[in-house]
Amino acid sequence: MLPFLRRRVLSSVVTVLGVLVIVFFLARLTGSPASLYLPEGASQERYDQFNRQYGFDQPLWVQFLTFLKGAVQLDFGESIWQQRPALQAAVAAMGPTLELSAVALGLSIVVAVVLGSIAATHRFRAADRLITLSSLTTASIPDFWFALVGVLIFAVNLRMLPTSGDATASAWILPVLTLMLSPVGVLTQVVRGAMIESLTSGYVQNARARGFAPARLTYRHALRNAALPIISVAGDKAAGMVNGAIIVGTVFAFPGIGTLIVGAVLNRDFAVIQASVFVVGIAVVLLNIVVDLIYAIADPRVRIS
Amino acid sequence: MTRKSLIAAGLAVVVVSATACGGGGGTAGAPTGSDRPVTVAIAVEPVSLDPCDTQDATNAIVVRGNVTESLTRIDPENGTVVGLLAESWEQKDPTTWVFTLKSGVTFQDGAPFDATAAATSITRLLDPELNCQNLDQFPQTMTLTAVDATTLQVTTPEPDPILPLRISYADISSPNTPADSKTSSPIGTGPFSFVSSSQGQSIQLKRNDSYWGDAPEATAVTYLFRAEPSVRAGMARTGEASIASAIAVQDATDDDRTREYNDNRVFFLRTQTDRAPFDDIRVRQAVAYAIDKNTIVQALMERSGTPTDQIITSTVNGFVPGYTAPVFDPAKAKSLIAEAAADGVAVTTEFDLVTRPDLFPGADEVIQAIVQNLQQVGLNVKIVSLDTDAWLQLLRAPFPPDQRPTIVAISHDNVSGDASFTFPKYMASDGTNSTIRSPEIDDLLARADVAGGEERAALYQQANAFEQQEVAAMIPIASQSKLMMLAEGIEYQPNSLSGVELRIADVHFTTDN
């Protein structure tokens, strides 16, 4: 286990550094922050002064070295936009995103397992067709569209939920539903497939012949065997939740990393863009390691070495 | 079926119980009586709350007129300069102005407002090291002297006839504001005091009970940042927000809750006069004749614009009353192009119509329609849509020497009432955004710059008319307007400054809750 962890951490460091380097140069392709922070008719002196103040007057390679040196020391610089350390802003925003993602993913797995199992046990019958059709539909609905339609229906027309924000518990419902949309759709199909395979396998047939109750058969024996593909896809979806968090941030103004990244891009705040990508990168890497570990625990045949 | 119904019922229970425990939307528990808090949904979080950064509309909307006030302000109805913290002012000599300030005013932190405090605050804004946004409104250095508690003397090296107007851009902050760094907790003399801000989430203000003027009805203000215009509109419809700023046309309703207001912004095109085919005035005039702006604006800018003939609105002193720009006449455009071609002008040169997606909502369709008009008269035009930074590089001088000929689509606002905030930039030979090299215009602008009152207005009007008739580098398309939505029971009458100064003291409650 330890050599595995060491190898994973090392390769992750390389990945995160690589991503940071790419983001550093991509961010600078978006143009100079000065043109955004200074008024349209500002004089050249004002531009020069601004660039000097934030170090943008330095050659790109000097800026890059300064950035790398800082990144190694976990110092991503000051945010021009928020006027506080960029890493502090990114870490503070990651918390709510992780909470939201955990709730959405947890609920997605529960809903998918229930629906997928029903579909698998009612194979080719009406319930299966209905669940398959609806899961394929949810998997293909664009998050952004669902989010806006959700606001229109549940907040504006029915007045059941607030449109946005995170002030009340009910404000979480629409963002969570939006984030659940694609994972539930995909996971339901994965659960269905894995369960069908598991339910038709020899040992389940054997158990059935021995008179086990159908519910116990489905949820204890078959599901345990079907867990591996579910864990693997759920892990994948968990990483993808960060993308979803950007949509959720934009539409519902949920104060997470998505909102921060969108704001940082709009405000050409390179320091915050870099720090946010770093924090997201670390989160995804950790998540992948956790998924691998769960994978090994769920199936002792998988050896991590 | 039973199982499915069970799942459906279960989901319903989860949703309803979560709603119940959350207390529903923002409408629940609103206090009764006429005095209550208001919530304003704005699109973008202010980049800075420092009173010296209110040149930017996203910053100004929260601070200006609410937390801070200036010595003078612009009357939104007619663009004239009126007193705010200053009772009166007079020009002692061409380079000296004396302002008489209100007495008995205090800042929200208890510090007294007097000439020394005003001088300190304005001097702070002028410090180049602080990099204040509003510094650009003050092209000259100023020396501020407190003659006595209520008399402030301002001197400039060169005469500045519009100094009282410029002073309106200096939001006065408390002397306790740090002099060498920006502040994120502004303190002014306004009707509301800053309470707190939560980055990425909200800004809170509360009523300033020691305010020198009429007490506002609203007891407190919460600003929420909602990027999606339909969400902002939804918030006003449900009462989650009292005011939803800058909503989209498709979210506007026909009832009296949608307010339309002109924010002195004009959408116009600027030709690159030093490149073929625009180096010939006939081609530039042909562009104006080729565009059917009335049809385009009516069809595509419904509720967001009206066709216009000048690059400034009628509240700006350089506006020429009654002037009519070339009217849509494709035959005339074709004949002008043919005439130019006969004289050897390269009228078939391909050029770019440079725009940016965020120029204004729906700009892409408007630009496409304009391009179609230009192609119909035989001009060889291509649309180039750039991000703001790349667009700015083609807008601002110096232009790249190998640059293709362009027409740049521009949306420019002038809320000051004075043409000096537009014309020198777009028409003078050394203007940052100008492609015009006209000694006549340069002369008129230079004379206007040092003139005051009627004479100044007349000179700017002459420059405007000369540009239109003899240069024709710019083609005005539409005077733009914005929409905001009010919640039920809220009354606010937007004016031409509402885009940069949303005074919560002007918000009234029409119902008790």
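These figures come from a predicted structure and were not determined experimentally. (Residues numbered from 1 in each chain as written. Chains lettered and ligands numbered in written order. Predicted model: local features only at pLDDT ≥ 70, side-chain atom pairs only at ≥ 80, totals over all residues. Heavy atoms only, no water.)

Undergrad: Mind showing me how you'd approach the nonpolar core here?
TA: As a rule of thumb, soluble globular proteins bury nonpolar side chains together. Membership of the largest hydrophobic core comes to 69 residues, with the highest contact counts inside it found for Phe 267, Leu 269, Leu 353, Ile 370 and Leu 374 of chain B. The dominant element in this core, judged by the number of residues it contributes, is helix H9 (residues 363-376) of chain B, at seven residues. With sequence-adjacent residues up to four places away left out, Leu 353 of chain B is seen in contact with Leu 269, Ile 367, Ile 370, Val 371, Leu 374, Val 381, Lys 382, Ile 383, Val 384, Ile 407 and Ala 409 of chain B. With 41 residues, the next largest nonpolar core counts Tyr 47, Ala 86, Ala 90 and Ile 273 of chain A among its residues. (Core = buried A, V, L, I, M, F, W, Y, C linked by side-chain atoms within 4.5 Å. Buried < 20%, exposed > 50% of the residue type's maximum accessible area, 1.4 Å probe, protein only. Helix = DSSP H or I, 4+ residues; strand = E, 2+ residues; numbered from the N terminus. Contact = heavy atoms within 4.5 Å.)

Undergrad: What should I look at first to understand the environment of Ile 281 of chain B in this one?
TA: Residue and element names in this part refer to chain B. Within the fold, Ile 281 resides in helix H6 (residues 281-290). Take Ile 281: its relative accessible area is 26%, and that puts it in the partly exposed class. Each C-alpha atom, one on Ile 281 and one on Ala 340, is 8.8 Å from the other, the two residues being 59 residues apart in sequence. With residues near it in sequence (within four places) discarded, Ile 281 still touches Gln 469, Glu 470, Val 471 and Ala 472.

Undergrad: Quick question: what am I supposed to make of the UniProt feature "domain: ABC transmembrane type-1" (unreviewed entry) in chain A here?
TA: Mapped onto the present numbering, the UniProt feature "domain: ABC transmembrane type-1" (unreviewed entry) falls at residues 94-295 of chain A. Taken as a whole, residues 94-295 of chain A contains 83% helix and 0% strand, while its terminal C-alpha atoms sit 25 Å from one another. (UniProt positions renumbered as here; feature names shortened; annotations may be inferred.)

Undergrad: Before we go on, may I ask you to explain the environment of Ile 122 of chain B in this structure?
TA: Residue and element names in this part refer to chain B. In this fold, Ile 122 is placed in helix H3 (residues 115-126). Placed 46 residues apart in sequence, Ile 122 and Pro 76 show a C-alpha to C-alpha distance of 23 Å. Beyond its immediate chain neighbours, meaning those up to four positions away, Ile 122 contacts Leu 71, Met 142, Leu 144, Leu 152, Ile 167, Ala 170 and Ile 172.

Undergrad: I'm lost on the sheet that holds strand E6 (residues 143-148) of chain B in this one. Help?
TA: Backbone hydrogen bonds hold the strands of a sheet together, and the pairing may be parallel or antiparallel. All names here are of chain B. Judged by pairing direction, the sheet is antiparallel, and its four strands sit side by side in the order E4-E5-E7-E6 without closing on themselves. In the strand order of this sheet, the two ends are held by strand E4 (86-93) and E6, each with one partner. Strand-to-strand twist in this sheet, taken as the mean axis angle between neighbours without regard to direction, amounts to 20°. Pairing analysis gives six bridges linking E4 to strand E5 (residues 96-101), with the strands arranged antiparallel. In the sheet register, Gln 91 faces E5, and the bridge partner there is Trp 97. The sheet strands contacting H3 are E5, E6 and strand E7 (151-155), and the helix crosses E6 at an angle near 175°. (Pairing = 2+ DSSP bridges. Axes fitted to C-alpha atoms, helices over the stretch in contact; angles between N-to-C directions.)

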